[in-house]
Amino acid sequence: MPVPYYFWFPVILTLGIGFISLSIPPVANQFMELFGVGYGGLSFFLSVYYWTHSFIQVPAGLVLDRIGVARTLVLCIAVSLVSSLLPLAAPENMALAVAGRFFLGICTGGLFLAMVKIIKTLTPPVYVARVQAVQGAAVCLGIMLPYLVLPLAGQYGWVASYCICAAFCLAVAYGAYKLPLRAMRRSRAHPTLRQTWQSVKHIATSRDVWFLGCCHGLAFGTLTTVIGNWLPSMLVDMRPGTVIEDWAFITSILLLVGTAGRLFSGEVARKIPRGIILNRVMLAVAATHAVLALSGTPAVVLVVSFAAALLCGTTFSSIFTLATDTAEPAYVATAVGFMNMVANLINVLMVLFMGLIRDYTGSFSPGLCISGSLALLFCLLTRKLARRIGEAPA
């Protein structure tokens, strides 16, 4: 029996997006030496991708709803391929590398929303939560791969970083070639300017969408920023004499744990009210940041990170099934785009904030204390909303 398109293509696409998003941290030392920058410069370089990935979400959703999935895929794949390979023309030119990450952020934002729309349009309703969970796990697997693969390239890890991003673009291009065009045509919208504005206004003023965006930002930010981006650097600070590459494998294992959490998130959402899942995990996120800030022992940090990765992963299906329920089918990309924009803004601020705090104070602890306190405040303020938004399992 052939694997359905709505299953295998989102997996390939999100594997690629996951790899691209964390293709720098495993060889961060090489990029810092290449560009001649410290942690502050590195945090800027890392955050450029997330800034553009964040702010493009709503415009990309509107364009996607208007021009359709096929045209969006072609445009994003072509620009991504060029953006992945162009920095190799002048490796020490940080401006060129920043430009590449800038456009990769834009394109992966469009590709992600195209994938959401493909799942919503092609997947039988009974399988939506399960497919969301699997593609969410694929993102985590994708962000784990750089830590497994790039250190194997030794001093040329930075070259492998660019080339593997380009290879994923080619794999996604094959999936786009197989897109069932006839089935996707019914998902396009042809609104007037007034209808578009009303749709955006409704989505932008929805407390539910903002709540989901903040939950996704805190959960995904903890997994990708705190663990994926900065955990190896935290461990280097705790264990002098080691380098980031020494902690790459164990970090990849933690990201694999996040993958497992996302893989089972569909089943969890089918058994437990989705709002309750989100509220409890936000409380766990707050506790995680506090423990990471106060602990100076690598063993404790790794155990807490293991638990955090698993719990953050379990939110994925709940967040995205609730998000796709907030809009009409023709406006799913716009609704999910706005929610994702909020989430990615939180993520990018965490990337930049943590790096700058580390540069100016010499420690990640102050930043983690602040982020943990904010997560706790958010959890307390949204308890009633969490109970209302997901009163029943998916």
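Structure: see above.
For clarity, every value in this text was computed on a predicted model and none was experimentally measured.

Parameters at a glance
- Residues numbered from 1 in each chain as written.
- Predicted model: local features only at pLDDT ≥ 70, side-chain atom pairs only at ≥ 80, totals over all residues.
- Heavy atoms only, no water.
- Helix = DSSP H or I, 4+ residues; strand = E, 2+ residues; numbered from the N terminus.
- Rg over C-alpha atoms; globule rule 2.2 N^0.38 Å.
- Buried < 20%, exposed > 50% of the residue type's maximum accessible area, 1.4 Å probe, protein only.
- Contact = heavy atoms within 4.5 Å.
- Areas by Shrake-Rupley, 256 points an atom, 1.4 Å probe, with all protein chains shown as cover.
- Lys, Arg positive; Asp, Glu negative; His and termini not counted.
- Charge placed at Lys NZ, Arg CZ, Asp CG, Glu CD.
- Salt bridge = Lys/Arg side-chain N within 4 Å of Asp/Glu carboxyl O.
- Disulfide = S-S within 2.5 Å.
- Patch = residues over 30% accessible without salt bridge, like charges linked within 9 Å, V, L, I, M, F, W, Y side chains within 5 Å.
- Phe/Tyr/Trp six-rings, centres within 6.5 Å; stacked < 30°, edge-to-face > 60°.
- Expected span 1.5 Å × (residues − 1).
- Arc of directions from axis to C-beta.

Caption draft 1: Local environment of the overall build of the chain. Within the chain, the secondary structure is distributed over 20 helices and zero strands. Against the globule reference of 21 Å for 394 residues, the chain gives a C-alpha radius of gyration of 20 Å, in line with a compact fold. Expressed as lengths along the three principal axes of its C-alpha atoms, the size of the chain is roughly 60 × 50 × 45 Å. The buried share of the chain, reckoned over its 394 residues, is 59%. Long-range pairs, those at least 24 residues apart, make up 87% of the contacts in the chain between residues at least 6 apart in sequence. Only carbon and sulfur atoms are counted for the fraction: they give 70% of the accessible area of the chain, which is about 15,700 Å². Of the side-chain charges in the chain, 25 are positive and 12 negative, and the distance between the mean point of each set is 15 Å.

Caption draft 2: Structural view of the environment of leucine 310. Note on placement: leucine 310 falls in helix α16 (residues 298–313). Since its relative accessible area comes to 35%, leucine 310 is described here as partly exposed. For the pair leucine 310 and valine 281, spaced 29 residues apart in the sequence, the C-alpha separation amounts to 9.9 Å. Residues in contact with leucine 310, not counting those within four places in the same chain, are Val257 and Gly261.

Caption draft 3: Representation of the pattern of salt bridges in the model. Summed over all chains, the structure comprises two salt bridges. Between aspartate 208 and arginine 388 there is a salt bridge, and its shortest N-O distance comes to 2.5 Å. Taken together, the residues span a long stretch of sequence, with aspartate 208 in helix α11 (residues 207–229) and arginine 388 in helix α20 (residues 383–389) at a distance of 180 residues. For aspartate 237, the salt bridge goes to arginine 358, with nearest N and O atoms at 2.8 Å.

Caption draft 4: Quick look at the state of the cysteines. Applying the stated rule across the entire model yields zero disulfides. The thiol of cysteine 76 is not disulfide-bonded; the next cysteine sulfur, from cysteine 107, is found 4.8 Å away. A relative accessible area of 9% places cysteine 76 in the buried class. Cysteine 165 provides the cysteine sulfur closest to cysteine 163, a residue in no disulfide bond, and the two sulfurs are 9.2 Å apart. For cysteine 163, a relative accessible area of 36% corresponds to the partly exposed category.

Caption draft 5: The arrangement of a positive patch on the surface in detail. Where like charges cluster on the molecular surface, the positive patch consists of Arg280, Arg383, Lys384 and Arg387. Inspection of the secondary structure assignment puts arginine 280 in helix α15 (residues 274–294).

Caption draft 6: Looking closely at the packing of aromatic side chains. Inspection of every chain in the model, using the stated rule, returns 18 aromatic pairs. Relative to phenylalanine 9, the ring of tyrosine 5 has its centre 5.2 Å away and its plane inclined at 20°; by these criteria the two rings are stacked. Here phenylalanine 9 and tyrosine 5 lie together in helix α1 (residues 5–21), a separation of four residues that amounts to about one turn. In terms of burial, tyrosine 5 and phenylalanine 9 fall into one category: buried. Look at phenylalanine 102 and phenylalanine 103: their rings are 5.2 Å apart centre to centre, the planes differ by 80°, and that puts the pair in the edge-to-face class. According to the relative accessible area criterion, phenylalanine 102 is partly exposed, its value standing at 37%. Using a relative accessible area of 40% as the deciding quantity, one classes phenylalanine 103 as partly exposed. Each residue in the set Phe31, Phe35, Phe45, Trp158 and Tyr162 is aromatic and connected to the rest through ring pairs, giving one cluster.

Caption draft 7: Inspection of helix α7 (residues 128–149) at higher detail. An ideal rise of 1.5 Å per residue puts 32 Å on 22 residues; α7 measures up with 31 Å between its terminal C-alpha atoms. With respect to burial, α7 is a largely interior element, 17 of its 22 residues being buried.

Caption draft 8: Focus on helix α4 (residues 57–67). Within the span of α4, buried status applies to Gln57, Val58, Ala60, Gly61, Leu64 and Asp65. Burial along α4 is one-sided: seen end-on, the buried residues are contained in an arc of 160°.

Caption draft 9: Examining a nonpolar patch on the surface more closely. Together, Leu141, Phe249, Ile253 and Leu256 make up a nonpolar patch on the protein surface, roughly 330 Å² of accessible area in all. At three residues, the largest contribution of residues to the nonpolar patch is made by helix α13 (residues 248–263). Within the secondary structure layout, leucine 256 lies in helix α13.

Caption draft 10: Representation of the side chain of threonine 315. Position of threonine 315 relative to the elements: it lies in the loop between α16 and α17 (316–324). A relative accessible area of 2% means that threonine 315 is categorised as buried.

Read these as spatial facts, not as claims about activity.
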